[in-house]
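Coordinate analysis (summary)
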Amino acid sequence: MSNKLKVAVMISGRGSNLKALLDACDTPNFPAEIVHVISNKKTAKGLRYAEEYGVPYEVISHKDFESRIDFDMTIHEHIKKSGAEFICLAGFMRVLSNKFTELWKDKLVNIHPSLLPSFKGVDTHRQALETGVKYHGCTVHFVVPDVDSGPIIVQEVVPVLDDDTIETLEARCLEKEHIAYRRALRIIAEGKFKIEGNKVLTWG
Ligand code: GRF
């Protein structure tokens, strides 16, 4: 039996980070494997990557549930059943309940397209351009009840150029997201980290 970390990935859309993680897991000696993919949208383009890589996937639409908790608990049960021990959010566009984040405490990470704690929420590239920062980037962090606030595992930085548009800045950031997520998953799967309060110490 494989001793790799079994990971579920949750998406809502394009799935480029899912693909980056699938590619990472396909490289020799990578310490994690993706065993399940969940999308809350049946139109999510990223589902095609799950199919392509032969990973079981399913659509659980939030619209089929009366409350956030019912939706979250169904996801929880399905992920448990899949055998996954860890969850990567990769463009999953629903806020998760406190109950869900507590059930998966220290076993649930997200990628956010900014250098947190700057530019939480949506439209991060627009926020960066409007603020006039010279550097921008992305963050992989543990998920806690407060949105975009959990302990930071990995960040990658990109310069903001004078002639950047939202699109050019997003493209530059996205390349770094794929690198950051892969690095974060390796650190996690190898257990080369320690959470101390709101800080994550990493090594190796
Ligand atoms: C990424 O920018 C990620 O940081 C954010 O949502 C976007 C998802 O992109 N949370 P993709 O679906 O992985 O291509």
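In the block above lies the structure referred to throughout.
Throughout what follows, the structure given in this document is the object of discussion.

Criteria and cut-off values
Residues numbered from 1 in each chain as written. Predicted model: local features only at pLDDT ≥ 70, side-chain atom pairs only at ≥ 80, totals over all residues. Heavy atoms only, no water. Buried < 20%, exposed > 50% of the residue type's maximum accessible area, 1.4 Å probe, protein only. Helix = DSSP H or I, 4+ residues; strand = E, 2+ residues; numbered from the N terminus. Pairing = 2+ DSSP bridges. Near = heavy atom within 4 Å. Polar contact = N/O pair within 3.5 Å; in protein donor to acceptor, adjacent residues only side chain to side chain. Areas by Shrake-Rupley, 256 points an atom, 1.4 Å probe, with all protein chains shown as cover. 1 Å grid on protein atoms, 1.4 Å probe; cavity = no way out; pocket = protein on both sides within 12 Å on 5 of 7 lines; lining within 4 Å. Sits in = over half its atoms within 2 Å of the grid points. Nonpolar A, V, L, I, M, F, W, Y, C, P; charged D, E, K, R; others polar. Phe/Tyr/Trp six-rings, centres within 6.5 Å; stacked < 30°, edge-to-face > 60°. Lys NZ or Arg CZ within 6 Å of the ring centre and 35° of its normal. Core = buried A, V, L, I, M, F, W, Y, C linked by side-chain atoms within 4.5 Å. Contact = heavy atoms within 4.5 Å. Disulfide = S-S within 2.5 Å. Right-handed = clockwise from strand over helix to strand, strands pointing away.

In terms of residue burial, strand β5 (residues 108–112) counts as a mostly covered element, since 5 of its 5 residues are buried. Here β5 shows a buried face lined by L108, N110 and H112 and a second buried face lined by V109 and I111. The pairing of strand β4 (residues 86–89) with β5 spans 3 bridges and is classified as parallel. The residue of β5 that forms the bridge with C88 is V109.

Moving on to the site of the ligand. The full set of residues close to the ligand is R14, G15, S16, N17, G91, I111, H112, P113 and E177. A distance of 2.8 Å is found between an oxygen atom of the ligand and a backbone nitrogen or oxygen belonging to G15. Note that an oxygen atom of the ligand is positioned 2.9 Å from one of the backbone N or O atoms of N17. About the coverage of the ligand: the protein hides 87% of its 370 Å² of free accessible area. Cavity membership is defined here by more than half of the atoms lying within 2 Å of grid points; on that basis the ligand lies in the largest pocket. Of all elements in the fold, only α1 (16–26) and β5 reach the threshold of two or more residues within the shell around the ligand. Looking at the shell around the ligand, its residues break down into 2 nonpolar, 5 polar and 2 charged.

This part is about the packing of aromatic side chains. Here the distance between the centres and the angle between the planes together describe a pair of aromatic rings. Counting across every chain of the model gives 3 aromatic pairs. Above the ring of W104, the side-chain terminus of K80 is found at 5.1 Å from the ring centroid.

Attention now goes to the nonpolar core. Counting 35 residues, the largest nonpolar core has V9, I34, C88, V109, I153 and L185 as its most contacted members. Residue contributions to this core peak at 6 residues, all from helix α6 (residues 166–189). Residues M10, F71, L89 and F100 belong to the second largest nonpolar core, which totals 18 residues.

Residue placement: D164 occurs in the loop between β7 (152–159) and α6. Here T168 takes part through its side chain, which lies 2.6 Å from a polar atom of the side chain of D164. Beyond its immediate chain neighbours, meaning those up to four positions away, D164 contacts L129, P159, L169 and R172.

Moving on: the state of the cysteines. Within the structure shown, the criterion is met by 0 disulfides. Not part of a disulfide, C173 finds its nearest cysteine sulfur in C138, a span of 6.2 Å. Among the residues examined, C173 registers a relative accessible area of 0% and is labelled buried.

What follows is about the pairing of β4. Every regular strand shows the same layout, with side chains that alternate between the two sheet faces. Side chains F86 and C88 of β4 all project onto a buried face; the interleaved residues I87 and L89 project onto the opposite face, where all are buried too. As paired strands, strand β1 (residues 5–11) and β4 are joined by 4 bridges and run parallel to one another. Each residue of the ladder has a partner; that of V9, found in β4, is C88. In this fold, the crossover linking β4 to β5 by way of helix α4 (residues 98–103) has right-handed handedness.

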